[in-house]
Amino acid sequence: MVDEYVVTICKGTGCIQKDSTRLLNVLKEQLRNDPLEQKVRLSLSGCLGMCDKGPIMVVNPGYTIYGGVTEEDIPEIIDQHLRKGQPIARLAIQEDHLFNRFYRVFGDAKFFGRQMRIALRNCGIIDPESIDDYLSLRGYEALAKVLTDMKPEEVIEQVKKSCLRGRGGAGFPTGTKWEFTARAGEGDKYVICNADEGDPGAFMDRSAIEGDPHSVIEGMIVGGYAIGAKKGIVYIRAEYPLAIRRLERAIADARQHGFLGEDILYSGFSFDIEIRLGAGAFVCGEETALIHSIEGARGMPRPRPPYPSVSGLFGRPTLINNVETWANIPVIIMDGADWFSTIGTEKSKGTKVFALAGNVVNTGLIEVPMGTSLREIIYDIGGGIPGGKAFKAVQTGGPSGGCLPAEFLDTPVDYESLSQAGSIMGSGGMIVMDEDSCMVDIAKFFLEFTQNESCGKCTPCREGTKRMLEILTRITQGQGQQGDIEKLERLGDMIKRASLCGLGQSAPNPVLSTIKNFREEYEEHIKQKKCRARTCSNLLTYEITDDCVGCGACRKACPVKAIKGTAKNKHIIDQETCIRCGVCFTTCKFDAIVKS
Amino acid sequence: MATCEIAAGSKDVMEVFRDAITKGGLTDVYLSQKGCAGRCNLEPTVEVVEVGKNPIRYGKINKERAQEIIERHLKKGEVIREWIID
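Residues numbered from 1 in each chain as written. Chains lettered and ligands numbered in written order. Predicted model: local features only at pLDDT ≥ 70, side-chain atom pairs only at ≥ 80, totals over all residues. Heavy atoms only, no water.

What follows is about the overall build of chain A. If you tally the helices and strands in chain A, you get 24 helices and 17 strands. Its C-alpha atoms put chain A at 80 × 70 × 40 Å along the principal axes. Counting the 596 residues in chain A, one finds 59% classified as buried. Here the analysis covers contacts within chain A between residues at least 6 apart in sequence; of these, 69% occur between residues at least 24 apart. A total of about 23,800 Å² of accessible surface is found on chain A, and carbon and sulfur atoms cover 49% of it. (Helix = DSSP H or I, 4+ residues; strand = E, 2+ residues; numbered from the N terminus. Buried < 20%, exposed > 50% of the residue type's maximum accessible area, 1.4 Å probe, protein only. Contact = heavy atoms within 4.5 Å. Areas by Shrake-Rupley, 256 points an atom, 1.4 Å probe, with all protein chains shown as cover.)

Written out as structure tokens, the structure is:
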């Protein structure tokens with residue numbers, strides 16, 4: 001803000017144990033009635049990753065980090081640093097972590113308070129089109145370290161030790177994947193970055209590439225060195241023109257600086273990256289379909305095994321990771337696997353980026369440590385539900401995920417807990433829904449998407465999703481029949497078990513999870529022909545209230561001439577003729593039409 | 001200046017600042033772009049970074065507000081509190 005100083009106290013688990021909260025209170029107490037009170041702002045931060053030196057206090061501007069601060073140090077900090085502007089050398093510690101860059105720049109950030117930025121560490125901090133900006137934040141240092149100090153096996157060992165898991169959604173251990181590919185014999189190998197982000201409402205990969213393309217490139221080069229590949233390919237959707245342009249620019253700059261191409265940094269290792277554009281098919285995000293697409297074939301999946309790590313692109317061993325996974329690599333190399341594995345939960349380490357969207361105040365892109373609860377994400381970071389409405393459900397994992405109701409709000413975000421709750425981690429889409437959302441309609445929306453995107457290769461997915469969608473459409477139109485729910489469940493279960501690839505195996509999830517958690521809504525739609533959220537227009541009746549001024553706008557807009565009335569007199573809707581399209585409702589300027 | 005920011009109108013805002021530097025005689029200011037910080041609902045965002053001071057972040061900036069930032073903040077050093085985001 002406009003304050004002269006911002007004092008940030010770490011509120012990570014480690015520092016809280018060392019009583020950092022008390023430290024804040026003491027500071028607040030001693031500043032009271034001091035003229036400094038107006039000039040100093042106190043704030044809390046998420047884990048700053050220096051737990052062994054805690055409690056940690058950061059003073060900005062200047063980014064002075066004080067470690068092991070005690071109550072007795074507070075008067076000195078106030079007098080020396082905040083009053084006289086002289087940082088205290090005795091307490092200052094030197095730490096140069098790669099992550100959480102925004103604290104260095106901003107010193108504080110309420111919105112960032114509970115966040116921890118590893119993959120997005122440079123997003124919003126640097127100019128993405130300037131390699132110098134990236135270099136100034138120790139860019140390509142991980143690459144130099146790997147090429148000069150580490151053997152390929154050691155790199156893989158570090159990644160394994162970090163317990164990093166695939167951020168594309170499935171959560172396969174990244175280090176293990178690297179090891180398989182490295183061991184898959186000699187000869188040509190490939191490294192692929194999967195940037196074919198297709199979930200509706202998700203934009204993590206796009207923002208990561210648009211905000212910091214070099215991190216992804218650096219991660220890929222390190223990966224290439226570790227497995228012995230000379231060629232990398234970024235497979236990115238053509239719908240991301242700006243991301244593609246910045247990536248092209250970044251690759252060209254990296255080449256010019258000797259980070260890509262022959263004999264990188266005079267190490268003898270050569271590696272280059274090219275970009276392949278996806279034509280927008282959702283299924284191409286599935287790794288085997290993506291590989292087919294690069295080969296020039298139709299983007300269709302094939303049964304696994306063999307996995308791409310053994311037989312991938314052009315039949316050669318291929319290491320394929322998601323954008324976010326790659327962006328984590330430089331941090332693991334520089335800040336260390338031991339450090340990285342202290343963040344998160346027992347089985348899910350590190351952080352996860354989410355695209356927060358839907359009925360939430362702060363829509364945007366966030367990155368939180370694994371194990372943060374859905375409640376903290378939606379209420380503390382997301383700022384809650386707008387308009388004082390009630391929370392109804394949160395959808396994670398996009399069209400492959402599920403809807404979780406309020407009783408799951410305290411579920412920690414990690415791979416296991418989310419799948420136990422009946423959803424998935426997925427690639428990071430998170431859609432918050434308020435009381436006005438109809439769960440049947442949401443399920444229909446996602447199924448419509450997967451049904452459209454089904455490649456048609458295997459019958460369960462091609463035919464099954466179609467039948468499910470027909471049933472759902474019927475239900476939302478008021479023609480649901482007794483037994484429809486059971487039919488959906490049976491079909492869904494079958495599609496999940498019999499489909500060839502992840503698309504089909506997960507396509508029924510939105511339907512099955514909403515049936516599981518909101519069964520009564522389905523029953524209402526079928527038996528009472530009622531939509532409690534007033535979303536399914538076919539189940540509603542429209543009526544004109546006494547607020548009607550007789551302007552006639554609705555009468556003119558009605559496509560079936562169901563509205564009768566004369567000027568300046570209250571109009572009436574003929575329910576027999578009305579097709580429940582809702583045009584009158586949106587046309588009325590006087591809120592005189594109600595749905596029920 | 002990520003896709004989301006551009007969609008919210010950040011290019012227009014950038015133009016205002018660029019014009020002020022090239023035509024309006026605004027000196028001592030370096031104009032730069034950045035990626036998405038995640039504040040999609042407050043975009044376009046503008047940050048004023050001054051050596052030795054904490055950066056000021058403004059949200060929901062349009063052409064008119066950009067002009068005002070130039071006049072009040074960049075030229076006169078006045079921080080416009082109402083537009084600050086945290």
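Often, the extent of an interface is quoted as the loss of accessible area upon association of its parts. If you look at the interface, chain A gives 34 residues, while chain B gives 26 residues. Of the roughly 2,400 Å² buried at the junction of chain A and chain B (both faces included), carbon and sulfur atoms supply 53%. Counting across the interface, chain A meets chain B through 0 salt bridges. Applying the counting criterion to the chain A and chain B interface returns 12 residue pairs in polar contact (both at pLDDT 80 or more). Across the side of chain A that touches chain B, the residue classes break down as 17 nonpolar, 7 polar and 10 charged. (Buried area = accessible area lost by both parts, 1.4 Å probe. Salt bridge = Lys/Arg side-chain N within 4 Å of Asp/Glu carboxyl O. Polar contact = N/O pair within 3.5 Å; in protein donor to acceptor, adjacent residues only side chain to side chain. Nonpolar A, V, L, I, M, F, W, Y, C, P; charged D, E, K, R; others polar.)

Residue and element names in this part refer to chain A. Scanning the model with the defined rule gives 11 aromatic pairs over all chains in all. Ring centres of Trp178 and Trp326 lie 5.8 Å apart, and the angle between their planes is 40°; on these two criteria the pair is classed as tilted. One end of the pair, Trp178, is in helix H8 (residues 174-183); the other, Trp326, is in helix H13 (residues 323-335), and 148 residues separate them in sequence. Of the two residues, Trp178 and Trp326, both sit in the buried class. (Phe/Tyr/Trp six-rings, centres within 6.5 Å; stacked < 30°, edge-to-face > 60°.)

Here the focus is the packing of helix H10 (residues 213-227) of chain A against H13 of chain A. All names here are of chain A. Where H10 contacts H13, the axes come no closer than 7 Å and their chain directions differ by 75°. Viewed along their axes, H10 and H13 adopt a mutual orientation that is roughly perpendicular. Here Ser215, Val216, Glu218, Gly219, Met220, Val222 and Gly223 of H10 come into contact with H13, specifically with Val323, Trp326, Ala327, Ile329, Pro330 and Ile333. For the contact of H10 with H13, the class distribution of residues is 9 nonpolar, 3 polar and 1 charged. (Axes fitted to C-alpha atoms, helices over the stretch in contact; angles between N-to-C directions. Parallel < 35°, antiparallel > 145°, perpendicular 65-115°, else oblique.)

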